[in-house]
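# Structural features, examined
Now for the letters of each chain:
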Amino acid sequence: MPRISNPSKLTRIYHRLINLPFQSKPISTTPVPTHDHIAHLILEQKTATQALQTFRWASDLPNFAHSQSTYRALIHKLCTFRRFDTVHQVLDEMPGSIGSPPDEDIFITLVRGLGRAKMIRNVIKVVDLVSKFDETPSLKIYNSILDVLVKEDIDLARKFYREKMMESGVEGDDYTFGILMKGLCLTNRIDEGFKHLAAMKLRGLIPNTVIYNTLLHALCKNGKVGRARSLMNEMLKPNEVTFNILVSAYCREGNVVQALVMLEKSFGNGCVPDVITVTKVIEILCNEGRVTEAVEVLERLKSNGGSVDVVAYNTLIKGFCKKRKAKLAVGYLKEMERKGSLPNVETYNVLISGFYESGMLDSAMDMFQEMKTAGISWNFVTFDTLVNSLCSGGRTNDGFKILELMEESKGGSGGRISPYNHIIYGLYKENRLNEAFEFLSKMGKLFPRAIERSSRIVGLCKEGSMDDAKRVYDQMTDEGGIPSALVYSSLIHGFCQKELIKEAFELMNDMISGGYFPIAMTFNSVIIGLCKEGKIGTAVNLLEDLVGRGCLPDVESYNPLLEALCRKGEFQKAWLLLLQMVDKGVVPDISTWNSLVLCLCQEKIWIEDESMFRKHNLLE
């Protein structure tokens, strides 16, 4: 075997290891190292050769003799580098070197090393290797071999159990049966898992909680939560893991009622589920708008001694923000800080978005500034969220300032186009179309491919080449590109000009799905097109839907509808629409009045109808 090449270097390393000043005196004057020190030194080596050199160097130290622990460290290191031939040489020298054969921990180290190397047949041969030293393999060695086998081939593991263990009179223990259950469940052989459970009971063994939990997890993973719930009733002592498995399974199914029932049962049994499981319950409650119940669940966890982390708090804060209760969410930010769960960048990003959704842009900006005070670095999501909030909220100039901060920060946009598209949307929404097109052109330096396609789409729409424009759009989206509001607006106008209203309608849905709500100038084209096709009801519903989403109509949004209704003689509907129009602060113009007056003139009995007189007076 290799001999030590640089003993003085290892001596210095040893002195650092045991925190002693290095001495230039002979090695015999230094303290005798412990076996733990030498084992640690061997494990620190970077190669198998260095580990061997260190081992041999320690052999030459006065008054030091190797032990099972130092041999185990060397064998572990040799296995790491797959020097299995050398391992056998080292094992063979142990009886003569330390006066005893390798112990079970050394053989287990070898089994695990062979397992990591995927040398499965050699793993099984370790049983024969133990016998070579006139030793009987312990149950712990058998179990370690079994544990490696089930991860590779459950059938091979079961064969090993029958032929090597049972035939040798080794029945196994809870750990043995737990390993086999794990192997069956890993391969989704659940029915065989139940047979395995029954076989244990026939032998008079009581399956432990780990075995039950393994089978429960497999059932839930395969969507058999009801059967898992029934199996739990057989358990003598379900533990926290049991309830974690079942609560999480009900959450995956979206069955919040059963998740809450199981959570309550867990607390009743004195088991406290982990925070990851409870966070899933909180998330599903918040998604259903049941934030108050989510708070109660969190409080129950805390009152039962459970720990609450930043993810749980963030989930709850997100729930409040979703309900547009960002001010209440801030209270939990403060609670986090009091309880020692420090908020992170996601906490603030959620609050910034929440304040925007609640129409409180100044508070969103305050959160942005507070991050700096709290020492939390802004990330791309922070900038993207705030730019989007400001531009969507009619404060595009402020959005420009945040964009500049992002560009000055480390990483900038990271090649992502969305903050720039938010700026375009803000300019489009404020009807600053010339500035929007100018900004789009400037973006070409940062996103040449995306902007080239956007410009082509806009140009083709102006030329009326809608088939070509749609083809470029489809190519852009298929490759993951994100169209800007200008692209959508150009396509919608272009399709309406060609009287392809269905296509325009679909594009407007895509636009809204992308987070961009059309301005009146864009959706008016669709309303006019629908009215021309006689689809007045669809046009009215579209307008109501857009207004409900926060889009601002103008007089040209209502006039085509009023004209169409009046042309059909449906004065009552026209009148109601006029009242809605006025209620939205839209002032009727001459075209509005002309449509209504012509409709009234065509009504033969309007003079005789008292209500019509009142309407006439209102019109005047």
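Values in this document were obtained by computation on a predicted structure and should not be read as measured data.

## With respect to the overall build of the chain
- For the chain, the count of helices and strands is 35 helices and zero strands.
- Radius of gyration (C-alpha) of the chain: 37 Å, far over the 25 Å computed for a compact globule of 620 residues.
- Here the C-alpha coordinates of the chain stretch approximately 120 × 65 × 50 Å along the principal axes.
- Across the 620 residues of the chain, 48% fall into the buried class.
- Of the contacts made within the chain by residues no fewer than 6 positions apart, 59% connect residues no fewer than 24 positions apart.
- Looking at the chain as shown, the accessible area adds up to about 30700 Å², and 51% of this sits on carbon and sulfur atoms.
- Distance between charge centres in the chain, computed from 75 positive and 74 negative side chains, equals 6 Å.

## A closer look at the pattern of salt bridges
- Per the counting criterion, the structure on display carries 37 salt bridges.
- Its salt-bridge partner being D398, residue K401 comes within 3.8 Å of it at the nearest N-O pair. Here the residue K401 and the residue D398 both occupy positions in helix α23 (residues 396–408), the gap between them amounting to three residues, near one helical turn.
- Among the salt bridges present, the one from E533 reaches K535, with a minimum N-O distance of 3.4 Å.
- One salt-bridge network, in which partners are shared between bridges, spans D155, R158, R189 and E192.

## A word on the packing of helix α5 (residues 84–98) against helix α6 (residues 104–116)
- At a minimum axis separation of 12 Å, α5 and α6 run at an interaxial angle of 175 degrees. In terms of their interaxial angle, α5 and α6 are classed as roughly antiparallel. Contacts between α5 and α6 involve F84, V87, L91 and M94 on the former and, on the latter, I106, L110, G113 and L114.
- Broken down by class, the residue content of the contact of α5 with α6 amounts to seven nonpolar, one polar and no charged.

## A few points about the layout of surface pockets
- Put simply, the largest pocket is a space of about 600 Å³.
- For the largest pocket, the lining is made up of 23 residues, of which S392, Y425, K429, F517 and G550 are closest to its centre.
- At the level of secondary structure, the elements contributing two or more residues to the lining of the largest pocket comprise α20 (345–357), α22 (380–392) and α24 (418–429).
- With three residues, α24 is the single largest residue contributor to the lining of the largest pocket.
- Grouping the amino acids of the lining of the largest pocket by side-chain chemistry returns 10 nonpolar, eight polar and five charged.

## Observations regarding helix α33 (residues 571–583)
- Spanning 13 residues, α33 covers 18 Å between terminal C-alpha atoms, matching the ideal 18 Å at 1.5 Å per step.
- The set of residues buried in α33 consists of F571, A574, W575, L577, L578 and M581. The buried residues of α33 all sit within an arc of 165 degrees when viewed along its axis, so they share a single face. Exposed positions of α33 whose direction lies more than 90 degrees from the buried face are K573, L576 and D583.
- Of the residues one or two after α33, G585 is the one with positive phi, at around 80 degrees.

## Quick word on the packing of aromatic side chains
- A complete count under the given rule lists 15 aromatic pairs for this structure.
- Arranged with centres 5.4 Å apart and planes meeting at 20 degrees, the rings of F320 and Y332 form a pair that is stacked. Placement of the pair is F320 in helix α18 (residues 310–322) and Y332 in helix α19 (residues 326–339), with a sequence separation of 12 residues. Both residues of the pair, F320 and Y332, count as buried.
- Ring centres 5.8 Å apart and planes at 70 degrees place the aromatic pair W378 and F383 in the edge-to-face group.
- Take W378: its relative accessible area is 25%, and that puts it in the partly exposed class.
- Put simply, the rings of F400, Y420, F439 and F447 touch in pairs and so form one group of aromatic residues.
- Seen from the ring of F380, R416 lies directly overhead, with NZ or CZ sitting 3.8 Å from the centre.

## Brief notes about the nonpolar core
- Core analysis: the largest hydrophobic core is formed by 201 residues, its most contacted members being L316 and L491.
- The greatest single-element share of this core, amounting to eight residues, is contributed by helix α28 (residues 485–497).
- Each residue touching L316, except ones within four places of it in the same chain, is listed here: I282, C286, V291, A294, V295, L298 and Y332.

## Overview of the confidence of the model for the chain
- Per-chain confidence: the chain averages 88 in pLDDT, with 91% of residues scoring 70 or above.
- Within the model, pLDDT remains below 50 along residues 1–5, and this stretch shows 14 contacts once partners closer than five positions in the same chain are excluded.
- Taken as a whole, residues 17–28 scores under 50 in pLDDT and shows 17 contacts with residues more than four places along the chain or in a different chain.

## Re helix α15 (residues 256–268)
- In this model α15 runs 18 Å from its N-terminal to its C-terminal C-alpha over 13 residues, within 8% of the 18 Å that 1.5 Å per residue would give.
- Among all positions in α15, only V256, A259, M262, L263, S266 and F267 are buried. Each buried residue of α15 lies within a common arc of 140 degrees when the element is viewed along its axis, so the set occupies one face. Exposed positions of α15 whose direction lies more than 90 degrees from the buried face are V257 and G268.
- One or two residues past the end of α15 sits G270, with phi positive at roughly 75 degrees.

## A closer look at the packing of helix α29 (residues 501–513) against helix α30 (residues 520–532)
- Relative orientation of the contacting elements α29 and α30 amounts to 145 degrees, with a least axis distance of 10 Å. For α29 against α30, the interelement crossing comes out left-handed. Of α30, the residues touching α29 (which contributes I501, A504, F505 and M508) are F523, V526, G529 and L530.

## Thoughts on empty space enclosed by the protein
- Counted according to the given criterion, the structure contains one cavity of 30 Å³ or more.
- Taken as a whole, the largest cavity encloses approximately 30 Å³ of empty space.
- With three residues, the single largest contributor to the lining of the largest cavity is helix α26 (residues 448–463).

The rules behind the values
Residues numbered from 1 in each chain as written. Predicted model: local features only at pLDDT ≥ 70, side-chain atom pairs only at ≥ 80, totals over all residues. Heavy atoms only, no water. Helix = DSSP H or I, 4+ residues; strand = E, 2+ residues; numbered from the N terminus. Rg over C-alpha atoms; globule rule 2.2 N^0.38 Å. Buried < 20%, exposed > 50% of the residue type's maximum accessible area, 1.4 Å probe, protein only. Contact = heavy atoms within 4.5 Å. Areas by Shrake-Rupley, 256 points an atom, 1.4 Å probe, with all protein chains shown as cover. Lys, Arg positive; Asp, Glu negative; His and termini not counted. Charge placed at Lys NZ, Arg CZ, Asp CG, Glu CD. Salt bridge = Lys/Arg side-chain N within 4 Å of Asp/Glu carboxyl O. Axes fitted to C-alpha atoms, helices over the stretch in contact; angles between N-to-C directions. Parallel < 35°, antiparallel > 145°, perpendicular 65-115°, else oblique. Nonpolar A, V, L, I, M, F, W, Y, C, P; charged D, E, K, R; others polar. 1 Å grid on protein atoms, 1.4 Å probe; cavity = no way out; pocket = protein on both sides within 12 Å on 5 of 7 lines; lining within 4 Å. Points joined across faces, edges and corners; volume = space filled by probe spheres on them. Expected span 1.5 Å × (residues − 1). Arc of directions from axis to C-beta. Phe/Tyr/Trp six-rings, centres within 6.5 Å; stacked < 30°, edge-to-face > 60°. Lys NZ or Arg CZ within 6 Å of the ring centre and 35° of its normal. Core = buried A, V, L, I, M, F, W, Y, C linked by side-chain atoms within 4.5 Å. pLDDT = per-residue confidence, 0-100. Left-handed = near helix turned anticlockwise from the far one by under 90°.

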